[in-house]
Number of protein chains: 2
Amino acid sequence: MRIFTRVLGAATALIMLSGTAIAQSPFDSPIKARQALMQLYSFNIGQLAGMAKGEVPYDAKVASAAANNLKLAASIDQSAMWPPGSDNSAMADKTSALPDLWSAFPKVVEAQKMLVTATDGIVAMAGKDLASLQGAIGAVGRSCGSCHKSFRAEKK
Amino acid sequence: MRIFTRVLGAATALIMLSGTAIAQSPFDSPIKARQALMQLYSFNIGQLAGMAKGEVPYDAKVASAAANNLKLAASIDQSAMWPPGSDNSAMADKTSALPDLWSAFPKVVEAQKMLVTATDGIVAMAGKDLASLQGAIGAVGRSCGSCHKSFRAEKK
């Protein structure tokens with residue numbers, strides 16, 4: 001039991017940053033988590049897009065790793081990250097998620113399925129060669145857009 | 001080609017936030033990505049620890065999802081997220097990663113393997129019952145600590 005308590009202490013220390021946020025609002029922690037997930041998408045898509053656009057040299061190993069990462073990230077269960085009420089109507093400074101996201105839920109699930117399918121495609125193609133990567137990245141961008149266009153507030 | 005350009009445009013728009021950072025320092029984007037990954041760890045460990053400590057009621061479905069998420073996050077390839085030089089010696093405001101992390105690399109890889117093993121354990125146990133979750137979460141906390149104690153600067 002002592003070890004258990006100590007380890008939980010360590011785990012608690014690990015989440016201290018988000019713990020502070022939890023004390024402020026029950027939505028801070030899930031909002032941070034989903035934004036972290038988007039950041040991971042962004043980082044890996046950025047690597048792939050950089051190569052696809054010729055801004056950085058094509059590297060099969062880096063491209064494969066980024067594609068696999070995208071697939072892993074897209075497979076993460078987001079159920080706990082979008083609690084009802086965590087939209088931008090009362091917290092525009094913290095989130096760009098429009099209230100419609102919660103009322104049009106099947107459409108969001110479809111967009112998520114599109115993303116998973118697109119990541120399957122890019123996992124299969126990214127490590128082959130540059131042309132294959134360029135052919136597969138479009139579906140990823142479209143799946144991102146399918147959610148963002150409908151459910152994310154425009155940046156001001 | 002028009003569709004390709006448009007989709008790349010969308011992908012570029014997606015990474016605009018990190019794009020701004022890239023213009024500032026080549027390290028900003030990988031630092032944000034690894035911090036996002038840690039945030040995802042933290043969110044999911046937080047859900048599991050909350051149940052293990054009795055702060056929130058045990059829920060097998062939520063526990064399983066969080067455990068699976070941990071495993072997915074731990075499986076993400078971090079090669080591109082830790083470029084040499086992205087330590088806290090010149091950027092203490094942006095990262096807590098100590099320079100030792102890069103010179104003691106095998107130890108970091110071991111810590112990462114510990115985490116993957118620990119997530120296998122928690123994936124198997126978290127959805128069974130509360131006692132099983134409590135028995136498996138310790139190894140996760142220890143694997144986090146094995147890296148943080150050696151390679152993360154103390155919070156001030």
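Residues numbered from 1 in each chain as written. Chains lettered and ligands numbered in written order. Predicted model: local features only at pLDDT ≥ 70, side-chain atom pairs only at ≥ 80, totals over all residues.

1. Description of the overall build of chain A
In step 1: Tallying secondary structure elements over chain A gives 7 helices and 0 strands in all.
In step 2: Helices and strands in chain A line up, N terminus first, as α-α-α-α-α-α-α.
In step 3: Expressed as a percentage of its 156 residues, the buried residues of chain A come to 41%.
In step 4: A fraction of 64% describes how many contacts in chain A between residues 6 or more apart in sequence connect residues 24 or more apart. (Helix = DSSP H or I, 4+ residues; strand = E, 2+ residues; numbered from the N terminus. Buried ≥ 20, exposed ≤ 12 C-beta atoms within 10 Å, placed from the backbone. Contact = placed C-beta atoms within 7 Å.)

2. Some remarks on helix α4 (residues 60-74) of chain A
In step 1: Its 15 residues give α4 of chain A an end-to-end C-alpha distance of 21 Å, which sits within 8% of 21 Å, the value for a rise of 1.5 Å per residue.
In step 2: Buried within α4 of chain A we find Val62, Ala63, Ala65, Ala66, Ala67, Asn69, Leu70, Lys71, Leu72, Ala73 and Ala74 of chain A.
In step 3: On the buried face of α4 of chain A, the contacting elements are α3 (28-52), α6 (105-125) and α7 (130-151) of chain A together with α4 (60-74) of chain B. (Expected span 1.5 Å × (residues − 1).)

3. As for the confidence of the model for chain A
All names here are of chain A.
In step 1: Residues with a pLDDT of 70 or more make up 85% of chain A, whose mean pLDDT is 87.
In step 2: Considering only residues more than four positions removed or in separate chains, one finds that residues 10-22, a stretch of pLDDT under 50, has 25 contacts.
In step 3: For this predicted complex, the interface confidence score (ipTM) comes to 0.84, while the overall pTM stands at 0.85. (pLDDT = per-residue confidence, 0-100.)

4. A short note on the packing of helix α3 (residues 28-52) of chain B against helix α7 (residues 130-151) of chain B
Residue and element names in this part refer to chain B.
In step 1: Direction vectors running N to C along α3 and α7 enclose 130°, while the axes themselves pass 9 Å from each other. Judged by the inter-axis angle, α3 sits oblique to α7. Crossing handedness for the pair α3 and α7: left-handed. Residue-level contacts link Ile45, Leu48, Ala49, Met51 and Ala52 of α3 to Leu130, Leu133, Gln134, Ile137 and Val140 of α7.
In step 2: Residues that form the contact of α3 with α7 fall into these classes: 9 nonpolar, 1 polar and no charged. (Axes fitted to C-alpha atoms, helices over the stretch in contact; angles between N-to-C directions. Parallel < 35°, antiparallel > 145°, perpendicular 65-115°, else oblique. Left-handed = near helix turned anticlockwise from the far one by under 90°. Nonpolar A, V, L, I, M, F, W, Y, C, P; charged D, E, K, R; others polar.)

5. Description of the packing of α4 of chain B against helix α6 (residues 105-125) of chain B
All names here are of chain B.
In step 1: At a minimum axis distance of 8 Å, the contact between α4 and α6 shows a crossing angle of 160°. Classified by the angle between their axes, α4 and α6 sit roughly antiparallel to one another. α6 is crossed by α4, and the crossing has left-handed handedness. Contacts from Ala67, Asn68, Leu70, Lys71 and Ala74 in α4 reach Leu115, Val116, Thr119, Asp120, Ile122 and Val123 in α6.
In step 2: Grouping the amino acids of the contact of α4 with α6 by side-chain chemistry returns 7 nonpolar, 2 polar and 2 charged.

6. Digging into the environment of Ser96 of chain B
Residues and elements named next belong to chain B.
In step 1: By the secondary structure assignment, Ser96 is in the loop between α4 and α5 (100-103).
In step 2: Judged by the 17 C-beta atoms lying within 10 Å of it, Ser96 is partly exposed.
In step 3: Residues Ser96 and Asn69, spaced 27 residues apart in sequence, show a C-alpha to C-alpha distance of 24 Å.
In step 4: The contacts of Ser96, once residues within four sequence positions are left out, are Asn88, Arg152 and Ala153.

7. As for α3 of chain B
Residue and element names in this part refer to chain B.
In step 1: Taking 1.5 Å per residue as the helical rise, α3 with its 25 residues ought to reach 36 Å, and the 35 Å between its terminal C-alpha atoms agrees with that figure.
In step 2: A large share of α3 lies buried, amounting to 22 of its 25 residues.
In step 3: Where α3 ends, the next residue or the one after it, Gly54, has phi of about 80°, a positive value.

8. A closer look at the environment of Pro84 of chain A
All names here are of chain A.
In step 1: Note that Pro84 resides in the loop between α4 and α5 (100-103).
In step 2: For Pro84, a count of 10 C-beta atoms within 10 Å corresponds to the exposed category.
In step 3: For the pair Pro84 and Ala33, spaced 51 residues apart in the sequence, the C-alpha separation amounts to 15 Å.

9. Looking at the nonpolar core
In step 1: In this structure, Leu48 and Ile122 of chain A together with Leu48 and Ile122 of chain B are the most contacted members of the largest nonpolar core, which totals 68 residues.
In step 2: If you list the elements that add at least two residues to this core, you get α3, α4, α6 and α7 of chain A together with α3, α4, α6 and α7 of chain B.
In step 3: For Ile122 of chain A, the residues in contact, after removing those within four places along its chain, are Leu48, Ala67, Leu70, Ala136, Ile137 and Val140 of chain A. (Core = buried A, V, L, I, M, F, W, Y, C linked by C-beta atoms within 7 Å.)

10. Side note on the environment of Arg142 of chain B
In step 1: One can find Arg142 of chain B in helix α7.
In step 2: Sequence separation between Arg142 of chain B and Ile122 of chain B is 20 residues, and the spatial gap between their C-alpha atoms is 13 Å.

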